[in-house]
Amino acid sequence: MTWFWLALGLAVLTAGAEFMVRGAVALAAAMRVSPLVIGLTVVAFGTSAPELVVSLRSGFSGQGEIALGNVIGSNVFNVLVILGISAIIVPLRVDRQLVRFDVPLMIVLSIVVYGMCLDGRIDRIEGGLLVAGLVAYTAWSIIKSRRENDPALVGEFAAEYSEKTASTPGRIVWDSVMVVGGLAMLVVGGDLFIGAAVSLARAWGFSELVIGLTLVAAGTSLPEVATSIVAALKGERDIAVGNVVGSNLFNLMCVAGITAVLVPGGIPAGELAIARDIPVMVIVAIACLPLFLVGNGVERWEGLFLILFYCLYASFLIAQAQANDGMLRLLTTIGWILVPAAVVAYLTRLVITWRRQSRGY
């Protein structure tokens, strides 16, 4: 029954986010908000709603480790699993804007959040700084997009949202009902999901941090999984990468920031998270920069390495939680083999790319 409530909570959570986004998009369009602004604000915030609701509910319920684990685990899961699966489906290409600004910003924010956690928590003032960064980033994105006036981008958003401009009283009432109903579903789904996750943690003898890093993080990231996979299948290879980076930025600024501001006492950060998991999040963020720079994309074999690294990380978490020394030694040995292999493969690709560029290929 616990698994049933977990699945039901996740389904209600996901459906609630979908209803809320659709209703909010329609209302914004009816108020003559430009499609570009809708795409960069309403939709972007709405897709982060499951992570935000779960972190808030766990924070208010006294399970602060789940709130922090959700942010850390989602960022690690996004890069290693979502990016990995998308790259296996089709080799990905990276927009230069991501490499020049968004990925470095993700790295800086990851390091900043790490620094905030060193005293044992992200307090309300630090959360406010993250929220202020979110507002500044969103405003900058809108201003930059308007200045560039990219016909393809504007056309894409217009085609997606301009059909929802009907402003009849009946339509406005229905859209409002969708927003309110979606919010209610987010709250109910968040309660069910967190309750089931905590029950599983206690039944398995796992800490709430481990459950937040794995089960909760993977569950709340399912909308991003679907979005990136669909984009990869359609051949929209840059969207698949942008979705991952954008989601990570919103997790750090929106989810962590708002949760720290609203939850009394902020978000607690335990010694294990500071010593093990937040550094992993920072390393994964830093690894994105050279990964994206070489060849301007992610190849299939690199996607496979990313998934293998996540399997290794998740297995290590479980083995450590169960105090399984034999499994820990095995995983450590695999890590000492896998990491050098990935470095050699990356350097090989770097040399091949440099030689091709020097020859003018």
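No experiment lies behind these values; they were computed from the predicted model shown.

**Details of the overall build of the protein chain**
When its secondary structure is counted, the protein chain shows 14 helices and 4 strands. Within the protein chain, the proportion of its 361 residues that are buried is 47%. Long-range contacts, defined here as pairs at least 24 residues apart, represent 86% of the contacts in the protein chain between residues at least 6 apart. Total accessible area computed for the protein chain in this model is approximately 16,600 Å², and 68% of it derives from carbon and sulfur atoms.

**As for helix α3 (residues 49-60)**
For α3, with 12 residues, the first-to-last C-alpha span of 16 Å sits near the 16 Å given by 1.5 Å per residue. Burial analysis of α3 places 10 of its 12 residues in the buried class, which makes it a mostly covered element. Restricting attention to buried positions, one finds in α3 the residues A49, P50, E51, L52, V53, V54, S55, L56, S58 and G59.

**Overview of the nonpolar core**
One recurring pattern in soluble globular proteins: nonpolar side chains tend to sit buried together. Core analysis: the largest hydrophobic core is formed by 89 residues, its most contacted members being L83, L92, V103, C117, F292 and Y310. With 13 residues, helix α4 (residues 64-89) is the largest single contributor of residues to this core. Core analysis: the next-biggest nonpolar cluster, separate from the first, contains 7 residues, F305, L312, A319 and L331 among them.

**Thoughts on the packing of α4 against helix α10 (residues 222-233)**
Interhelical geometry of α4 versus α10 gives an angle of 25° and a closest axis separation of 9 Å. As judged from the angle between their axes, α4 and α10 are roughly parallel. For the pair α4 and α10, the sense of crossing is right-handed. Note on element contacts: α10 touches α4 through E224, V225, S228, I229, A232 and L233, opposite F77, N78, I82, I85, S86 and I89. Residue composition of the contact of α4 with α10, by class: 8 nonpolar, 3 polar and 1 charged.

**Describing empty space enclosed by the protein**
The final tally for this structure, using the stated rule, is 1 cavity of 30 Å³ or more. Of the pockets and cavities examined, the largest cavity occupies roughly 30 Å³. The wall of the largest cavity is formed by N75, V76, V79, M106, S110, N248, M281, V284 and A285. The set of elements that each furnish at least two residues to the lining of the largest cavity consists of α4, α5 (96-117) and α12 (271-293). Its residues assigned to classes, the lining of the largest cavity shows 6 nonpolar, 3 polar and no charged.

**Examining unusual backbone geometry**
With a phi close to 55°, A323 is a non-glycine residue in the positive phi region. Along the polypeptide, A323 turns up in the loop between α13 (300-321) and α14 (325-358).

**Details of the packing of helix α9 (residues 208-220) against α12**
In contact at an axis separation of 11 Å, α9 and α12 are set at 30° when each is read in the N-to-C sense. Considering their axes alone, α9 and α12 lie roughly parallel with respect to each other. Seen from above, α9 lies across α12 with right-handed handedness. From α9, L209, V210 and L213 reach across to α12, where they touch L272, A273, R276 and D277.

**Focus: a nonpolar patch on the surface**
Residues M1, F4, W5 and L8 make up a contiguous nonpolar surface patch of about 430 Å² in total accessible area. Using a relative accessible area of 31% as the deciding quantity, one classes L8 as partly exposed.

**What about the side chain of S74?**
The residue S74 is located in helix α4 in this model. Setting aside its immediate chain neighbours within four residues, S74 contacts E51, G69, A217, T220, S221, N248 and N251.

**Digging into the packing of aromatic side chains**
Counting across every chain of the model gives 7 aromatic pairs. Here F77 and Y310 contribute two aromatic rings whose centre-to-centre distance is 5.5 Å and whose plane-to-plane angle is 85°, an arrangement assigned as edge-to-face. Separated by 233 residues along the polypeptide, F77 in helix α4 and Y310 in helix α13 bring together distant segments of the chain. We classify Y310 as buried; its relative accessible area is 11%. Among the aromatic residues, those joined into a cluster by ring pairs are F77, Y310 and Y313.

What counts, and where the lines are drawn
Residues numbered from 1 in each chain as written. Predicted model: local features only at pLDDT ≥ 70, side-chain atom pairs only at ≥ 80, totals over all residues. Heavy atoms only, no water. Helix = DSSP H or I, 4+ residues; strand = E, 2+ residues; numbered from the N terminus. Buried < 20%, exposed > 50% of the residue type's maximum accessible area, 1.4 Å probe, protein only. Contact = heavy atoms within 4.5 Å. Areas by Shrake-Rupley, 256 points an atom, 1.4 Å probe, with all protein chains shown as cover. Expected span 1.5 Å × (residues − 1). Core = buried A, V, L, I, M, F, W, Y, C linked by side-chain atoms within 4.5 Å. Axes fitted to C-alpha atoms, helices over the stretch in contact; angles between N-to-C directions. Parallel < 35°, antiparallel > 145°, perpendicular 65-115°, else oblique. Left-handed = near helix turned anticlockwise from the far one by under 90°. Nonpolar A, V, L, I, M, F, W, Y, C, P; charged D, E, K, R; others polar. 1 Å grid on protein atoms, 1.4 Å probe; cavity = no way out; pocket = protein on both sides within 12 Å on 5 of 7 lines; lining within 4 Å. Points joined across faces, edges and corners; volume = space filled by probe spheres on them. Patch = residues over 30% accessible without salt bridge, like charges linked within 9 Å, V, L, I, M, F, W, Y side chains within 5 Å. Salt bridge = Lys/Arg side-chain N within 4 Å of Asp/Glu carboxyl O. Phe/Tyr/Trp six-rings, centres within 6.5 Å; stacked < 30°, edge-to-face > 60°.

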